[in-house]
Amino acid sequence: MYLQLVVWDLAESDVSIDDLRAYLRDYAVEAYSQLPGMRLKVWFANPERRVWGAVYLWDAVEHISGPAQVSRAIELIGYPPTSVSVFEVEAAAEGHSVHTALASVGAAFA
């Protein structure tokens, strides 16, 4: 299993975090949910620092090109990610949470 970290510094972009949240609600969450080999994608933001990004868990390295099939982020933001890193997963733990599913959790759905 592989973890991928993708981060944008939005300092040079006209897009707002609210625009990107609408993109999640209206398109991205559903589109990414259909990607083969992707176990999980979690988007994150820091509006004060104008940082946007995502963490992925992939079954195998060959699936990492999957986002190119569905992503509209580069189009919305205006340029590629500031940083992309891939790591082999050493271990994982799943805890107990009040959320039974992750599909509508987060500020984009608040």
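The structure reproduced in this document is the subject of the present report. (Residues numbered from 1 in each chain as written. Predicted model: local features only at pLDDT ≥ 70, side-chain atom pairs only at ≥ 80, totals over all residues. Heavy atoms only, no water.)

### Structural notes on the sheet that holds strand 2 (residues 38-46)
And step 1. The four strands lie next to each other as 2-3-1-4, forming an open sheet whose pairing is antiparallel. Bordering the open sheet on either side are strand 2 and strand 4 (83-88), each of which pairs with just one other strand. Adjacent strand axes in the sheet meet at a mean angle of 15°, parallel and antiparallel pairs treated alike.
And step 2. Along the sheet face, helix 1 (residues 17-32) touches strand 2 and strand 3 (51-58) and points at about 175° away from the line of strand 2. (Pairing = 2+ DSSP bridges. Helix = DSSP H or I, 4+ residues; strand = E, 2+ residues; numbered from the N terminus. Axes fitted to C-alpha atoms, helices over the stretch in contact; angles between N-to-C directions. Contact = heavy atoms within 4.5 Å.)

### Quick look at the pairing of strand 1 (residues 2-9)
And step 1. Note: strand 1 against strand 3, eight bridges, orientation antiparallel. The partner of Leu5 across the bridge, within strand 3, is Val55.
And step 2. Bridging between strand 1 and strand 4 involves six bridges; their strand directions are antiparallel. Along strand 4, the bridge assignment pairs Leu3 with Phe87.

### Examining unusual backbone geometry
Glycine aside, the phi torsion of most residues is negative, and most peptide linkages are trans.
And step 1. Its identity as a non-glycine residue notwithstanding, Arg50 has a phi of 55°, on the positive side.
And step 2. Looking at the secondary structure, you find Arg50 in the loop between strand 2 and strand 3.

### Observations regarding the side chain of Ser13
And step 1. Checked against the element boundaries, Ser13 lands in the loop between strand 1 and helix 1.
And step 2. Once residues within four sequence positions are removed from consideration, Ser13 is found in contact with Arg50, Leu76, Ile77 and Tyr79.

### Some remarks on helix 1
And step 1. Taking 1.5 Å as the rise per residue, helix 1 with 16 residues should run 22 Å; its terminal C-alpha atoms sit only 19 Å apart, a clear shortfall.
And step 2. The largest bend in helix 1 is about 55°, located at Leu24.
And step 3. Listed in full, the buried residues belonging to helix 1 are Ile17, Leu20, Ala22, Tyr23, Leu24, Ala28, Val29, Ala31 and Tyr32.
And step 4. Buried residues along helix 1 sit against strand 2, strand 3 and helix 2 (73-77). (Expected span 1.5 Å × (residues − 1). Bend = angle between axes of the 7 residues up to and from the residue. Buried < 20%, exposed > 50% of the residue type's maximum accessible area, 1.4 Å probe, protein only.)

### Some points on the side chain of Gln4
And step 1. Mapped onto the secondary structure, Gln4 falls in strand 1.
And step 2. A polar contact of 3.0 Å, which involves the side chain of Gln4, links it to the side chain of Trp58.
And step 3. Ignoring sequence-local partners within four residues, the contact set of Gln4 consists of Ala54, Val55, Tyr56, Trp58, Ile64, Val84, Ser85 and Val86. (Polar contact = N/O pair within 3.5 Å; in protein donor to acceptor, adjacent residues only side chain to side chain.)

### Overview of the pattern of salt bridges
And step 1. One pass over the structure, following the stated rule, counts two salt bridges.
And step 2. With a shortest N-O distance of 3.6 Å, Asp18 and Arg21 are connected by a salt bridge. Of this pair, Asp18 and Arg21 both sit in helix 1, separated by three residues, roughly a single helical turn.
And step 3. On the accessibility criterion, Asp18 (52% relative accessible area) is exposed. (Salt bridge = Lys/Arg side-chain N within 4 Å of Asp/Glu carboxyl O.)

Geometry only, nothing functional implied.
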